[in-house]
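Below, each chain spelled out in residue letters.
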2 protein chains.
Amino acid sequence: MNILKIAVDAMGGDYAPKEIVAGVEEARDRYPEIEFDLYGQIDKVKPFLTTSDRINLVQADEVIAMEDEPVKAIRRKKQSSIVLAAQAVRDGEADAFFSAGNTGAILAAGLLIIGRIKGIDRPGLTTTLPVLNNPDQDQFLMLDVGANADTKPFNLYQYAILGKYYAQTVMGVENPRIGLLNNGTEADKGDLVHKATHEALANAKDLNFIGNVESRELLNGAADVVVSDGFSGNAVLKNTEGTALSMLKLIKQSIMDGGLGGKLGAALLKPTFKAIQAKMDYSQYGGAVLLGVKAPVIKTHGSTKAETVANTIGQIKSMLENHIVDDVVTYFGEHSDEMIAAKEALK
Amino acid sequence: MNILKIAVDAMGGDYAPKEIVAGVEEARDRYPEIEFDLYGQIDKVKPFLTTSDRINLVQADEVIAMEDEPVKAIRRKKQSSIVLAAQAVRDGEADAFFSAGNTGAILAAGLLIIGRIKGIDRPGLTTTLPVLNNPDQDQFLMLDVGANADTKPFNLYQYAILGKYYAQTVMGVENPRIGLLNNGTEADKGDLVHKATHEALANAKDLNFIGNVESRELLNGAADVVVSDGFSGNAVLKNTEGTALSMLKLIKQSIMDGGLGGKLGAALLKPTFKAIQAKMDYSQYGGAVLLGVKAPVIKTHGSTKAETVANTIGQIKSMLENHIVDDVVTYFGEHSDEMIAAKEALK
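Residues numbered from 1 in each chain as written. Chains lettered and ligands numbered in written order. Predicted model: local features only at pLDDT ≥ 70, side-chain atom pairs only at ≥ 80, totals over all residues. Heavy atoms only, no water.

This part is about the overall build of chain A. Within chain A, the secondary structure is distributed over twelve helices and eleven strands. Judged by the C-alpha coordinates and their principal axes, chain A covers about 65 × 60 × 40 Å. In chain A, the proportion of contacts linking residues at least 24 apart, taken out of those at least 6 apart, comes to 71%. Carbon and sulfur atoms form 49% of the exposed surface of chain A, whose accessible area is close to 14,000 Å². Chain A carries 36 positive and 45 negative side-chain charges, and their two centres are separated by 5 Å. (Helix = DSSP H or I, 4+ residues; strand = E, 2+ residues; numbered from the N terminus. Contact = heavy atoms within 4.5 Å. Areas by Shrake-Rupley, 256 points an atom, 1.4 Å probe, with all protein chains shown as cover. Lys, Arg positive; Asp, Glu negative; His and termini not counted. Charge placed at Lys NZ, Arg CZ, Asp CG, Glu CD.)

Before going further, it helps to examine the sheet that holds strand E1 (residues 4–9) of chain B. Residues and elements named next belong to chain B. Taken in spatial order, the eleven strands of this open sheet run E3-E2-E1-E4-E11-E10-E5-E6-E9-E7-E8, and their pairing is mixed. The open sheet has two edge strands with one neighbour each: strand E3 (55–59) and strand E8 (209–213). Looking at each pair of strands side by side, their axes are set apart by 25° on average, direction ignored. (Pairing = 2+ DSSP bridges. Axes fitted to C-alpha atoms, helices over the stretch in contact; angles between N-to-C directions.)

The next thing to look at is helix H7 (residues 192–203) of chain B. When the terminal C-alpha atoms of H7(B) are compared, their 17 Å separation across twelve residues agrees well with the 16 Å that a helix rising 1.5 Å per residue should span. Buried within H7(B) are the following residues: His194(B), Thr197(B), His198(B), Ala200(B) and Leu201(B). Of the surrounding elements, those touching the buried residues of H7(B) are helix H8 (230–256) of chain A together with helix H6 (153–169), strand E7 (178–181) and E8 of chain B. (Expected span 1.5 Å × (residues − 1). Buried < 20%, exposed > 50% of the residue type's maximum accessible area, 1.4 Å probe, protein only.)

Turning our attention to the interface of chain A and chain B. How big an interface is tends to be stated in terms of the accessible area lost upon association of its parts. Each side of the interface is counted separately: chain A has 51 residues, and chain B has 51 residues. Buried area between chain A and chain B, summed over both chains or domains, comes out near 4,500 Å², and the portion from carbon and sulfur atoms is 64%. Among the ionic pairs, Glu214(A) bridges to Lys238(B), the shortest N-O distance being 2.3 Å. At the boundary of chain A with chain B, the tally comes to 20 residue pairs in polar contact (both at pLDDT 80 or more). For the side of chain A that touches chain B, the secondary structure elements donating two or more residues are helix H7 (192–203), H8 and helix H9 (259–280) of chain A. The element that contributes the greatest number of residues to the side of chain A that touches chain B is H8(A), accounting for 21 residues. The residue makeup of the side of chain A that touches chain B, split by class, is 21 nonpolar, 21 polar and nine charged. (Buried area = accessible area lost by both parts, 1.4 Å probe. Salt bridge = Lys/Arg side-chain N within 4 Å of Asp/Glu carboxyl O. Polar contact = N/O pair within 3.5 Å; in protein donor to acceptor, adjacent residues only side chain to side chain. Nonpolar A, V, L, I, M, F, W, Y, C, P; charged D, E, K, R; others polar.)

Turning our attention to the pairing of E1(B). Of all six residues that make up E1(B), five are buried, and the element is covered over most of its length. In the classification by handedness, the crossover that spans E1(B), the intervening helix H1 (residues 18–30) of chain B and the parallel strand E2 (residues 34–40) of chain B is right-handed. (Right-handed = clockwise from strand over helix to strand, strands pointing away.)

Here the focus is the relation of the copies chain A and chain B. Note on the identical chains: chain A maps onto chain B by a rotation of 180° and an axial translation of 0.0 Å, with an RMSD of 0.0 Å. Taken together, the rotation and translation relating the two chain copies correspond to the operation of a two-fold axis. Relative to the rotation axis, the C-alpha of Gly265(A) is the closest in chain A, positioned 1.8 Å from it. (Least-squares fit on C-alpha atoms with pLDDT ≥ 70 in both.)

All names here are of chain A. Topologically, Thr-151 is positioned in the loop between strand E6 (139–143) and helix H6 (153–169). A distance of 3.4 Å separates a polar atom in the side chain of Thr-151 from the backbone oxygen of Asn-148. Of note is the side chain of Thr-151, whose polar atom sits 3.3 Å from the backbone nitrogen of Gly-230. Those residues in contact with Thr-151 that sit more than four places away from it in its chain are Leu-156, Tyr-159, Val-193, Asp-229 and Gly-230.

Here we come to the sheet that holds strand E11 (residues 297–299) of chain A. Residues and elements named next belong to chain A. Taken in spatial order, the eleven strands line up as E3-E2-E1-E4-E11-E10-E5-E6-E9-E7-E8 in an open sheet, and their pairing is mixed. Looking at which strands have only one partner, the edges of the open sheet turn out to be strand E3 (55–59) and strand E8 (209–213). Each neighbouring strand pair of the sheet contributes to a mean axis angle of 25°, computed without reference to strand direction. Examined bridge by bridge, strand E7 (residues 178–181) and strand E9 (residues 225–227) share three bridges and lie parallel to one another. By the bridge assignment for E9, Gly-179 is matched with Val-226. Helix H4 (residues 81–90) rests against strand E1 (4–9), strand E2 (34–40), E3 and strand E4 (96–99) of the sheet, and its axis sits at about 165° to E4. Strands strand E5 (124–130), E6 and E7 of the sheet are contacted by H8, whose axis makes an angle of about 140° with E6.

Another aspect to go through is unusual backbone geometry. Residue Pro17(A) is reached from Ala16(A) by a cis peptide bond, and omega for that bond is -5°. Secondary-structure assignment places Pro17(A) in the loop between E1 and helix H1 (18–30). Cis geometry marks the peptide bond from Leu143(A) to Asp144(A); its omega dihedral reads 0°. Although it is not a glycine, Arg54(B) adopts a positive phi angle of roughly 60°. Take Arg54(B): it is sitting in the loop between helix H2 (42–45) and E3. If you check the backbone angles, Asn133(B) has positive phi at about 55° while not being a glycine. A relative accessible area of 27% means that Asn133(B) is categorised as partly exposed.

No statement about biological role is implied by the geometric values presented.
Okay, here's the thing in structure tokens:
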């Protein structure tokens, strides 16, 4: 059995370290091939640990808080759980890094400590979202959802390649349909960045590019991989979340205001609402992955609880077993001339 | 009584001319102070007209189709209903222009035929969206939602001023809270464009700028006026619409799959769902307004029916009676030195 080791930030997230430890223990029991290094203040972490089998506690004196300025925190808090865990991955002591902490700090640790894969300009943050009302598709992938605010066409072009690998190896989609998030479906839509990107993707040989997709159609399964600049990708991700939550809240409130008939209806529909809430909870599909760095770097919501931690460990396991990082390294190594030419052409 | 005249494109929209004519007749009956010039192919329009009181048919031989390339269509189809109606407004024969047709062509007609207000760099398209679950706020305004894909900080700064005027005069919000759509609430978030815009808005004297707002919080009423670049504003608008529709569809489908209890519950909740659908239908709040041109230019969804046409006429009436265009002209006239300085500073 090939043993995998995951470096976990035990101190990140609103319910850390308790829920992180519980999730790691759940994952440990699920996956006999995984070992964990749990980084944190041992006196705070240890009380929550039931059995230390395959879970190794590593002391980290400092904690990066949710409100810390990310790059500064990475540079100054050298003894923080995020920095030490990322260093362990960089040094080959662990295979992947997981945290539910400060998003910016996790991204900075991925970029500055673990480092970019050679040939990749800007790693991108990717999230899986649910597809609704479509029997043929359960989920889709979107990237970048916020690693880079200022995105160039060449970055978007590389996101398409990274997204393709992820969809194939982790989501099991054979020939993923790649769409570009844009303001209209016609080829000439969008700003200068998206027009240039559309042209580059349309001419790319290895990509199943289906053209522009509009944000209105994402939840209907417009594509398997939605390529987006980090600014509007982030806006669309947060908007989907916000609109779905507001709709559920509105419906519940309307029912409560709706008299006896409404309340009876609500009681009968309780299981339906529960199922919908679960469907919309995209954390169940795993964490956000920073694609383009030398090892899997995964973050989940600050509000993460044990079950999501365990599910995300499963996602990391799948990334490791499918050698997605190695495949990406190989691809960009073999296509370095092409990348240099593309970067030049997309300037 | 001050007579207002509105130039209406009778040929634009999926249900034109029938629903446009019906809507204009409804508006005519509601508002005794409004006269209409209805531009279109008279032989197609006339059969739907019940009484011609205060409705004047004007022959327009050509029609700009939904799929026509906007600027080309405006330049080549000189006898189209959109071009002729916009020219009538430009020439002072009518006070405002309304169409449910090709969005790009309407914007192009507004910009190229009616023309920008002096001092305004790029007019912006604005839409009203509902606020849910908030007893203190019914709706908010967002602009730009798609007039410009490539937006500069100076444009965003001017959108804030335009949005303030609209919220005050048409929505009746005394001191509108202005937020900047961005990737995080902290002042330093976003790409270079949004960072520069944040600084300019924070330093503006006459604006009640409340800082960055995230797309997740829009429907909760994060601001009265949400300033957005045309690319992400368009993406967020379409995403809100798409997510809300998908959620309603999912809930309905889940209920149908939920057996007898679910169906009974659904029957009891029918009025609730109807109310929600109405609340989410932002066309009831009126059309999208191109702010920054010399007369009110309003467009509605292609799927517009008579009632929305009539409501939108009411919105135009309010814009005209409150002299929003005159006020904006005065403001930018009086602040031209300030605008030149701001444009230079925000380069």
